[in-house]
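Overview (structure and organization)
Each chain, written out:
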Amino acid sequence: MTTRPPDRRSAVALSYADKSSAPTVVAKGYGVVAESILRCAHEHGLYVHESPELLNLLMHVDLDEQIPPQLYVAVAELLAWLYHLEAEVPVQTPRPVSRK
C-alpha cells in the first residue's frame, strides 16, 4: 500500500456520452496529470466537483471502464447536481415525509 503526499492533487474525469450505459472513467491521475485534467475541464467550461470520498473511490476504476454499480447512486447525485446547474434550476431539498 502506498500513500501520497497530502498536497498532491488528484483528479478523475467521467464521460456520460453514451446515456444507455453507466458513466465511464476517461482520465485520471495525480500531480501534473491531475492539474492537466482540471485545466482542460476549465478551458472547456466543464464543471469540476470536489468530493474527496468519491474521488478516492473513482481512482480505483480502470481507465475506459464504466463505474461499478456500487457508485451509481453517488454519481447519479452528481449528475443531478450538474443537470440543475446547467438548467439553472434551483435544487430543492426534499421535504421530510410525515408518517401517520
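Description of the structure in this document. Bear in mind the structure is a predicted one, so any value in this text is a computation, not a measurement.

Next up on the list: the pattern of salt bridges. Scanning the model with the defined rule gives two salt bridges in all. Residue Glu35 is joined to Arg9 by a salt bridge in which the shortest nitrogen-to-oxygen separation is 3.9 Å. One end of the pair, Glu35, is in helix α1 (residues 32-43); the other, Arg9, is in the segment before β1 (10-15), with 26 residues separating them in the sequence. Its salt-bridge partner being Arg9, residue Glu50 comes within 3.8 Å of it at the nearest N-O pair. In this pair, Glu50 is assigned in the loop between α1 and α2 (52-58) and Arg9 in the segment before β1, connecting sequence segments 41 residues apart. We classify Glu50 as exposed; its relative accessible area is 63%.

Moving on, we get to a nonpolar patch on the surface. Taken together, Tyr47, Trp81 and Leu85 make up a surface patch of nonpolar side chains, about 270 Å² in accessible area. For Trp81, the location among the structural elements is in helix α3 (residues 72-87).

Turning our eyes to something else, we now look at the nonpolar core. In terms of nonpolar packing, the biggest core is built from eleven residues, these being Val12, Ala22, Val25, Leu54, Leu58, Met59, Val61, Ile67, Leu71, Val75 and Leu78. Within the residue set of this core, elements represented by two or more residues are α2 and α3. Not counting residues up to four positions away in its chain, the partners in contact with Ala22 are Tyr16, Gln66, Ile67 and Tyr72.

A separate point is the packing of aromatic side chains. Working definition: an aromatic ring pair is given by the centre-to-centre distance plus the angle between the planes. Summed over the entire model, instances satisfying the criterion amount to one aromatic pair. When the ring of Tyr47 is compared with that of Trp81, the centres are 6.4 Å apart and the planes differ by 70 degrees; the resulting orientation is edge-to-face. Taken together, the residues Tyr47 in the loop between α1 and α2 and Trp81 in helix α3 connect sequence positions 34 residues apart. A residue is classified by how much of its surface remains accessible, and Tyr47, at 42% relative accessible area, is partly exposed.

Moving on: α1. Over its twelve residues, α1 extends 16 Å from the first C-alpha to the last, a length consistent with the 16 Å expected when each residue adds 1.5 Å. Buried residues of α1: Ala34, Ile37, Leu38 and Ala41, and no others. Buried positions in α1, seen along its axis, are confined to an arc of 95 degrees and lie on one side of it. Of the exposed residues in α1, the ones pointing more than 90 degrees away from its buried face are Val32 and Glu43. Residues of α1 that are buried make contact with β1 and β2 (24-30). One or two steps after α1, the chain reaches Gly45, where phi turns positive at roughly 70 degrees.

Parameters at a glance
- Counting restarts for each chain, with residues numbered from 1 along the sequence as it is written.
- Local features in this predicted model are restricted to residues whose pLDDT is 70 or higher, and side-chain atom pairs enter the listing and the counts only when it is 80 or higher, whereas totals over whole chains, interfaces and linings include all residues.
- Here the side-chain values reflect all heavy atoms present in the structure, with hydrogen atoms and water set aside.
- We count a salt bridge whenever a side-chain nitrogen from Lys or Arg sits within 4 Å of a carboxyl oxygen from Asp or Glu.
- Only DSSP runs of H or I covering at least 4 residues are called helices, and only runs of E covering at least 2 are called strands; the numbering of each starts at the N terminus.
- Each residue is placed in one exposure class: buried if its accessible area under a 1.4 Å probe, protein chains only, is under 20% of its type's maximum, exposed if it is over 50%, and partly exposed if it falls in between.
- Patch membership requires over 30% relative accessible area and the absence of a salt bridge. Like charges are linked within 9 Å, and nonpolar side chains (Val, Leu, Ile, Met, Phe, Trp, Tyr) within 5 Å.
- Each accessible area is a Shrake-Rupley result for a 1.4 Å probe, and residues are judged covered by the shown protein chains and nothing else.
- Remark: nonpolar core denotes a set of buried residues (Ala, Val, Leu, Ile, Met, Phe, Trp, Tyr, Cys) joined through side-chain atoms within 4.5 Å.
- Residue contacts are counted whenever heavy atoms from the two residues lie within 4.5 Å of one another.
- Working definition: rings of Phe, Tyr and Trp (its six-membered ring) pair if their centres are within 6.5 Å, and the pair is stacked with planes under 30 degrees apart, edge-to-face with planes over 60 apart, and tilted otherwise.
- Here the expected length of a helix is defined as 1.5 Å per residue gap, with one fewer gap than residues.
- Taken from the helix axis, the directions to the C-beta atoms give the arc we talk about.

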